[in-house]
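# Geometric and topological summary
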Amino acid sequence: MADRTAPRCQLRLEWVYGYRGHQCRNNLYYTAGKEVVYFVAGVGVVYNTREHSQKFFLGHNDDIISLAVHPDKTLVATGQVGKEPYICIWDSYRVQTVSVLKDAHTHGVACLAFDSDGQRLASVGLDARNTVCIWDWKRGKLLATATGHSDRIFDISWDQYQPNRIVSCGVKHIKFWTLCGNALTAKRGIFGKTGDLQTILCLACAKEDITYSGALNGDIYVWKGLNLVRTIQAAHSAGIFSMYACEEGFATGGRDGCIRLWDTDFKPITKIDLRETEQGYKGLSIRSVCWKADRLLAGTQDSEIFEVLVRERDKPMLIMQGHCEGELWALAVHPKKPLAVTGSDDRSVRLWSLADHALIARCNMEEAVRSVSFSPDGSQLALGMKDGSFIVLRVRDMTEVVHIKDRKEVIHEMKFSPDGSYLAVGSNDGPVDIYAVAQRYKKIGECNKSSSFITHIDWSVDSKFLQTNDGAGERLFYKMPSGKHLTSKDEIKGISWASWTCVVGSEVNGIWPKYTNITDVNSVDGNYSSSVLVTGDDFGLVRLFRFPCLKKGAKFRKYIGHSAHVTNVRWSHDFQWVLSTGGADHSVFQWRFIPEGITNSIVETSPQEGGIDSYSEESDSDLSDVPELDSDIEQEAQINYDRQVYKEDLPQLKQQSKEKNLSVPFLKRERAPEDSLKLQFIHGYRGYDCRNNLFYTQTGEVVYHIAAVGVVYNRQQHTQRLYLGHDDDILSLSIHPVKDYVATGQVGRDAAIHVWDTQTLKCLSLLKGQHQRGVCALDFSADGKCLASVGLDDNHAIVFWDWKKGEKLATTRGHKDKIFVVKCNPHHVDKLVTVGIKHIKFWQLTGGGFTSKRGTFGMTGKLETMMSVSYGRIEDLVFSGAATGDIFIWKDTLLLKTVKAHDGPVFAMHALDKGFVTGGKDGIVALWDDMFERCLKTYAIKRAALSASSKGLLLEDNPSIRAISLGHGHILVGTKNGEILEIDKSGPMTLLVQGHMEGEVWGLAAHPLLPVCATVSDDKTLRIWELSSQHRMLAVRKLKKGGRCCAFSPDGKALAVGLNDGSFLVVNADTVEDMVSFHHRKEMISDIKFSRESGKYLAVASHDNFVDIYNVLTSKRVGICKGASSYITHIDWDSRGRED
């Protein structure tokens, strides 16, 4: 069996080459720690120029396009693009999320600005209305929102001297905003005769209502209030993209490649023209400037960052470079040195030093470069061009050796043979051409069996064979150098490949999810020495798989950062690093490879936080070598709560059926009867797919749920009070810390949560609009003010509510697999933990979102499905119950130890003042000390232990326990079999309430003489109930199959039961023991009735479309009613014993 688990080795992002200068501005700043903060692709970068080191913020899941620095110069806000873009506020020192702001913008967040004291944040969206939002960012709260402008907004800034004044500018406008309460109102700037109405690109506010702004023509426009009062003409010779205000004055940067410094009254101090400096070039355009004391930063359109010391302004230092706009596809590593080369649509070829993290050579070509390859000795470099030609350069001085054009379409892939004799060149025309290196690259062969463009090629170790992949997903083999097509399977089997970069082939089947499109993965590279494969795909992910990985859907580790498609991945020559290139983000990422063994000590101690955990172990469906799920958990994970018809559809459906039936003449409707029904008692408790849903209230009553009803049960009087506010099944219940209110969550398209009072049964708050399908877990915070809920949607969304106000405080995606429990931390209101199918996650509230860390198992245990979780009395400790019966003890996110507690899953856990109580599938309730070091007492739930005052019977010994709670000197236990028991600490147990288990209940029969009824259900039990004030189950028996109907004989002595497999039986109504049974039909028995008076005959209707008549006394079938064209639903006898 091939190993389909994720590899144990890891990658860690070490360096990102590039800076996002195109289509962005004002995105480069100094932090308080004198580091430089900017972004590239989906990564926030904090670059320490002194130590030449980088830290990364990985909380975004798409391209970052805006950045603002808090007045404390430590916190940073970044905004991204995407369908549901969000803003992250993060700490540049620890690179961790502080707050997430979401649900306000669409398309993207174009600009950001903090106010002068850093409490509020302004953001501008990329939607059609260019919406402006004002946030209380710490709380994740939207304070105000307004339509920004009909055209693009380029910059927004708070007036530092008037706390509620904001200025924004953009295409042919400038607006002055006032924030009053939650209203944001704007007045347009008046250009008048002082200057032309034109696009304003950047601005800065000064004292006394003065605003300075940079215009598209290179002028500075000066505003007082709303009016343009003067212009500083030709401040720059082209558009001014960036303006930065600081204590020293103002800095501006423009499309003319100049930085200008101005004093606080905007009088010129100096001008620095970067085009004229050593590293300058024609067309250099500045997108961002920052001025701090004697240092300046400038970011350019072409992804460079310059640092200028004011004293040595003629010697700017180029501290970061990257490819410019255009796709980046070409990547190759030097065969002997820590060097890599990239080529892009910006027509440049760049040579990078992996050891020094620096650009060491750059060469500009006439045409876009789409592929590169080093010769085996590293002396020559081949470049495949977009126009179908290829060029070979001498690496030493980057001079041209040959330039050959044999094809019209782009050259997407090329490789030298391992012995250095040949160069194979694959083009989008379909063939692979073979050139002889020694004969000045004369063409000597052609491989032409591909029906589509060539995507990948690999040479064999002996340089005698070539394998190709093409756009049609075909893998073909050729003899070298002739290019003869190779079809013999045996010959192919024996070939050893020098490199593995093909995406199609049995060795890499595992990189494809089970049902996938073969074009998603753009690049792979195999590392034979560590048996690991790296891939780059269209989802912006870099993944590690075991190599070879033969079975589809293999597990992997995934790493984020590239926002768009990852076009190429390669191992460095010594396998120390992996390099990846981003297509649209044209960035180069360098990842350090951390082999198995040293992994834990390095990565696990500092996992990166973020919306998606970059060092996450999450494969698309977590590790496959975990033992199979426990049968109960498996069953529960499969339950589908989607409804064919939801309650809210009914009025519409009724209307439709009315319209359909209008043509039919109908009888006058009778008046409704005067009498009515009142629900008095419900037999049942939902335990088969719910947990933690049974509690004592403040007054000692018991609260739980069944069907769509919240039940408050009085133990002394054996009566129930019912909360009937829900309109569909309740799935979760949590009790307020004061034990007077409960929250219940239901199934539904827009699943509602009700918070209600257990005394008055009044609904206090109704929470809707956040969950789909249903609410599967709830928990109140320790102060009772907030409520956490988890939905049944695909992402199992977690929502944090201020339930009294009905306000959503924060929301996040939970996990792709089902979450069973959410628990609020009693010591910290802003922390939660969730457990579920193969996961435990620790959540930290950050503004309007959450960040999560997964539990780190290390060597102490392995990833398990967790069924229960609880916080202890000690602050940082968390205890989780696993499907294996172990208790996992966590400190922060680290697993300290595991303790064996039960046989089979630990479904329930409850924290006490000192210690814990747990319940498992093994039917045992156990009391523990506060660190699970000693088990103080166990109670086995058995029939023999039931006290005389029990209101029913146990279906079986040791039922699976699903809920436990303590109070009033007792332990309250809910079982999977639908029973609620109360255990006295000294040992006796009392059964309070019970009902059928999962499956549907259809069969119901009332006793002809006594206050007794019988039910039969899909749960394969027949039960007899007492209807007097005792409300209890008198008898129960298990059946071999589920049943859908039952009937008493007229004298009440016999009870007939129809089963789902076409058989039926007649049992003694007192002892429920068999009298007779028959099996004449294949389909379900749908109705069963004794004839009236003597009950001599028994009619049995089935879904086979027949009704069989049996003589009860002789136990023989005496007749069959035929002629029904469909299945029988109901039957009745007439009063003389003849059937209707």
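Residues numbered from 1 in each chain as written. Predicted model: local features only at pLDDT ≥ 70, side-chain atom pairs only at ≥ 80, totals over all residues. Heavy atoms only, no water.

## Remarks on the overall build of the protein chain
Looking only at helices and strands, one finds four helices and 90 strands in the protein chain. Its C-alpha atoms put the protein chain at 115 × 85 × 75 Å along the principal axes. For the protein chain, the residues scored as buried account for 59% of the 1140 residues in total. Considering only residue pairs separated by 6 or more positions, the protein chain has 47% of its internal contacts joining residues 24 or more positions apart. With the model as given, the accessible surface of the protein chain reaches about 46,500 Å², and the carbon-plus-sulfur share is 50%. Positive and negative charge centroids in the protein chain, built from 137 and 138 side chains respectively, lie 2 Å apart. (Helix = DSSP H or I, 4+ residues; strand = E, 2+ residues; numbered from the N terminus. Buried < 20%, exposed > 50% of the residue type's maximum accessible area, 1.4 Å probe, protein only. Contact = heavy atoms within 4.5 Å. Areas by Shrake-Rupley, 256 points an atom, 1.4 Å probe, with all protein chains shown as cover. Lys, Arg positive; Asp, Glu negative; His and termini not counted. Charge placed at Lys NZ, Arg CZ, Asp CG, Glu CD.)

## Focus: the pattern of salt bridges
Should their charged atoms come close, side chains of opposite charge can pair. This model, assessed by the stated rule, comprises 43 salt bridges. In this structure, Asp 1018 engages Arg 1044 in a salt bridge whose closest nitrogen and oxygen atoms are separated by 2.7 Å. Remark: Arg 1044 occurs in strand β83 (residues 1043-1048) and Asp 1018 occurs in the loop between β80 (1012-1017) and β81 (1021-1026); sequence separation between them is 26 residues. Judged by its relative accessible area of 18%, Arg 1044 falls in the buried class. Because the salt bridges share partners, they merge into one network encompassing Arg 407, Asp 433, Lys 443 and Glu 446. (Salt bridge = Lys/Arg side-chain N within 4 Å of Asp/Glu carboxyl O.)

## What about the pairing of strand β39 (residues 422-427)?
The element β39 is extensively covered by neighbouring structure, given that six of its six residues are classed as buried. Burial along β39 is two-sided: Tyr 422, Ala 424 and Gly 426 and Leu 423, Val 425 and Ser 427, pointing in opposite directions, are all buried. The hairpin formed by strand β38 (residues 411-416) and β39 contains five residues between the paired strands, and Gly 420 there has a positive phi angle of roughly 80°. Hairpin connection, β39 to strand β40 (residues 432-436): the antiparallel pair is bridged by four residues, and Gly 430 has positive phi, about 115°. (Pairing = 2+ DSSP bridges.)

## Quick look at empty space enclosed by the protein
Under the defined criterion, the tally for this structure stands at three cavities of 30 Å³ or more. Of the voids in this model, the largest cavity is the one considered here, and its volume is about 60 Å³. The residue makeup of the lining of the largest cavity, split by class, is seven nonpolar, two polar and two charged. If you add up the space inside the second largest cavity, you get close to 40 Å³. (1 Å grid on protein atoms, 1.4 Å probe; cavity = no way out; pocket = protein on both sides within 12 Å on 5 of 7 lines; lining within 4 Å. Points joined across faces, edges and corners; volume = space filled by probe spheres on them. Nonpolar A, V, L, I, M, F, W, Y, C, P; charged D, E, K, R; others polar.)

## What to know about the nonpolar core
Leu 11, Tyr 38, Ile 259 and Leu 274 are the most contacted members of the largest nonpolar core, which has 78 residues in total. Apart from the residues lying within four places of it in its own chain, the contact partners of Leu 274 are Gly 257, Ile 259, Gly 280, Leu 284, Ile 286, Ala 298, Phe 306, Val 308 and Pro 316. (Core = buried A, V, L, I, M, F, W, Y, C linked by side-chain atoms within 4.5 Å.)

## Some points on the packing of aromatic side chains
Scanning the entire structure with this criterion turns up 41 aromatic pairs. Consider the rings of Tyr 685 and Tyr 704, whose centres lie 6.1 Å apart with planes at 70°: the pair is edge-to-face. Here Tyr 704 lies in strand β54 (residues 702-706) and Tyr 685 lies in the loop between α4 (650-661) and β53 (695-696), a separation of 19 residues in the sequence. In this pair, the class of Tyr 685 matches that of Tyr 704, namely buried. Where Tyr 723 meets Trp 756, the ring centres are 4.5 Å apart and the plane angle is 5°; that geometry is what we call stacked. With Tyr 723 in strand β56 (residues 719-723) and Trp 756 in strand β58 (residues 741-757), this pair connects stretches of sequence that are 33 residues apart. (Phe/Tyr/Trp six-rings, centres within 6.5 Å; stacked < 30°, edge-to-face > 60°.)

## Topic: the side chain of Glu 14
For Glu 14, the position within the fold is in strand β1 (residues 10-17). Apart from residues lying up to four places away in sequence, Glu 14 is in contact with Gln 54, Phe 56, His 357, Trp 577, Gln 590, Trp 591 and Arg 592.

## Considering helix α3 (residues 631-638)
Those residues of α3 lying buried are Asp 632, Ile 633 and Glu 636. Looking straight down α3, one finds that the buried residues subtend no more than 95° of arc, so they occupy a single side. For α3, the secondary structure elements touched by its buried residues are β63 (819-824), β67 (866-871), β71 (906-911) and β75 (961-967). (Arc of directions from axis to C-beta.)

## Section: the sheet that holds strand β50 (residues 566-571)
Spatially, β1-β52-β51-β50 is the arrangement adopted by the four strands of the open sheet, whose pairing is antiparallel. Looking at the sheet topology across the chains shown, the edges are occupied by β1 and β50. For this sheet, the mean inter-axis angle between neighbouring strands, taken without regard to orientation, is 25°. Bridge count between β50 and strand β51 (residues 577-582): five bridges; the pairing is antiparallel. Bridged to Arg 570 within β51 is Leu 579. (Axes fitted to C-alpha atoms, helices over the stretch in contact; angles between N-to-C directions.)

## Thoughts on a nonpolar patch on the surface
Together, Val 645, Leu 650 and Leu 653 make up an exposed nonpolar region whose accessible area comes to about 220 Å². Looking at the element boundaries, Val 645 is found in the loop between α3 and α4. When its relative accessible area of 42% is taken as the criterion, Val 645 is described as partly exposed. (Patch = residues over 30% accessible without salt bridge, like charges linked within 9 Å, V, L, I, M, F, W, Y side chains within 5 Å.)

## What about the environment of Leu 809?
Looking at the secondary structure, you find Leu 809 in strand β62 (residues 807-812). Its relative accessible area of 24% is what places Leu 809 among the partly exposed residues. Counting along the chain gives 39 residues from Leu 809 to Gly 848, while the straight-line C-alpha distance between them is 6.0 Å. Ignoring sequence-local partners within four residues, the contact set of Leu 809 consists of Arg 139, Cys 786, Phe 800, Trp 801, Asp 802, Gly 847 and Gly 848.

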